[in-house]
Amino acid sequence: MELGIERLLLWFFVETGSSGFFETHTGVLTAMILGAGLGMCFFGVKVYRGAWSALVFISVTLGFTLWLRGEASWGTIVTAFTVIGMMLSVLAFHWKRIAAYTMSGILAESTVMFLSGSYLAGILTGILIFFLALFQPFSILAAATALWGAMTAAVTAVRLFDFPWNPEAAVWIIAAILFAGGLALQLLVLPRDSALHGTG
């Protein structure tokens, strides 16, 4: 089963005309996803704003390419999503609390959807986690990023290094170890962002 980040990145690369490179260099995309998973697992509460900004830029890019396809030249489309996408992604980087709430929900939704194969279960979980994050933003964000990062890194590592034993068991064992280590590091070691204390 494909990871959510795989589908999103492949869609983005296809729409922006850069899929050819990744089709001939599949290891590059896999390494990117592995790096993203490890980064979110162990440093999620520090890098979530960067991930949120990237997600905003990707969303704007996809929106403009779908909206203006056939209506404007490719140069106009590129200019539109580059300028507006960059502006919005820079603004989004400074929306700490919105980023924390939204990323918690999105990552929870993506993880549950991947594990269960159910869009409904993923969406309902994402909504629940979003609202829980309103009251405990730091802890919920740490848990959501650690879990998503652990699953993403584990699945990608097993694919990349071609484990000789049961791949499914390897994914669960690696994910459990990564999740425990990532959550402990984020909650107990990394300094807390004052903007994510308390409610509201």
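Placed above this text is the structure.
None of the values given here were measured: they were computed from a predicted structure.

With respect to the secondary-structure elements, phenylalanine 43 resides in helix α3 (residues 26-68). Phenylalanine 43 has contacts with Leu185, Gln186 and Leu190, leaving out every residue within four places of it along the chain.

Along the chain, serine 73 falls in the loop between α3 and α4 (74-93). Given the relative accessible area of 42%, serine 73 is considered partly exposed. As a C-alpha pair, serine 73 and glycine 17 span 56 residues in sequence and 14 Å in three-dimensional space. A distance of 2.9 Å separates polar atoms of two side chains, one belonging to serine 73 and the other to threonine 76.

This paragraph deals with the nonpolar core. By size, the foremost hydrophobic cluster in this structure holds 50 residues, and its most contacted members are Leu9, Trp52 and Met103. Breaking this core down by element, the ones donating at least two residues are α1 (4-15), α3, α4, α5 (96-116), α7 (137-161) and α8 (167-189). Here this core gets 16 residues from one element, more than from any other, and that element is α3. In contact with tryptophan 52, other than residues within four places in its own chain, are Ala92, Trp95, Ile98, Ala99, Thr102 and Met103.

Relative orientation and spacing of two packed helices are given, respectively, by the angle between their axes and the distance between those axes. Close contact between α5 and α7 brings their axes to 9 Å; oriented N to C, the two are set at 40°. Compared by their axis directions, α5 and α7 come out oblique. The crossing of α5 and α7 is left-handed. Contacts between α5 and α7 involve Arg97, Ala100, Tyr101, Met103, Ser104, Leu107, Ser110, Thr111, Phe114 and Leu115 from the first element and Pro137, Ile140, Leu141, Ala144, Thr145, Leu147, Trp148, Met151 and Val155 from the second. Here the contact of α5 with α7 is built from residues that sort into 14 nonpolar, four polar and one charged.

This paragraph deals with α4. A turn of α-helix holds 3.6 residues, and therefore any two residues three or four places apart point the same way. With 20 residues, α4 extends 27 Å between its outermost C-alpha atoms, agreeing within 8% with the 28 Å of an ideal straight helix rising 1.5 Å per residue. Looking only at α4, the buried set comprises Ile77, Ala80, Phe81, Gly85, Ser89 and Ala92.

Parameters at a glance
Every chain begins its residue count from 1, and numbering advances along the sequence as written. With pLDDT at 70 or above as the cut-off, local features in this predicted model cover only qualifying residues; side-chain atom pairs require 80 or more to be listed or tallied, and sums for whole chains, interfaces and linings still use all residues. Each side-chain value is derived from all of the structure's non-hydrogen atoms; neither hydrogens nor water enter the calculation. Secondary structure counts use DSSP, requiring at least four H or I residues in a row for a helix and at least two E residues in a row for a strand, with both numbered from the N terminus. Contacts: residue pairs with any heavy atoms within 4.5 Å of one another. Whether a residue is buried, partly exposed or exposed follows from its accessible area with a 1.4 Å probe, protein chains only, as a fraction of its type maximum: under 20%, in between, or over 50%, in that order. Polar contact is the term for a pair of N or O atoms within 3.5 Å; when the atoms are in protein, one must be able to donate a hydrogen and the other to accept it, and sequence-neighboring residues count only if both atoms are side-chain atoms. Among the buried residues, those of types Ala, Val, Leu, Ile, Met, Phe, Trp, Tyr and Cys that are joined through side-chain atoms within 4.5 Å form a nonpolar core. Lines are fitted to the C-alpha atoms to define the axes, a helix being fitted only along its stretch in contact, and any angle between axes, read from their N-to-C directions, falls within 0 to 180 degrees. Roughly parallel refers to an angle under 35 degrees, roughly antiparallel to one over 145, roughly perpendicular to one between 65 and 115, and oblique to any angle outside these ranges. In this scheme the handedness of a crossing depends on how the near helix is turned from the far one: anticlockwise by less than a right angle means left-handed, clockwise means right-handed. Here the term charged refers only to Asp, Glu, Lys and Arg, the term nonpolar to Ala, Val, Leu, Ile, Met, Phe, Trp, Tyr, Cys and Pro, and the term polar to all other amino acids, Gly among them. Multiply 1.5 Å by the residue count of a helix minus one, and that product is the helix's expected span.

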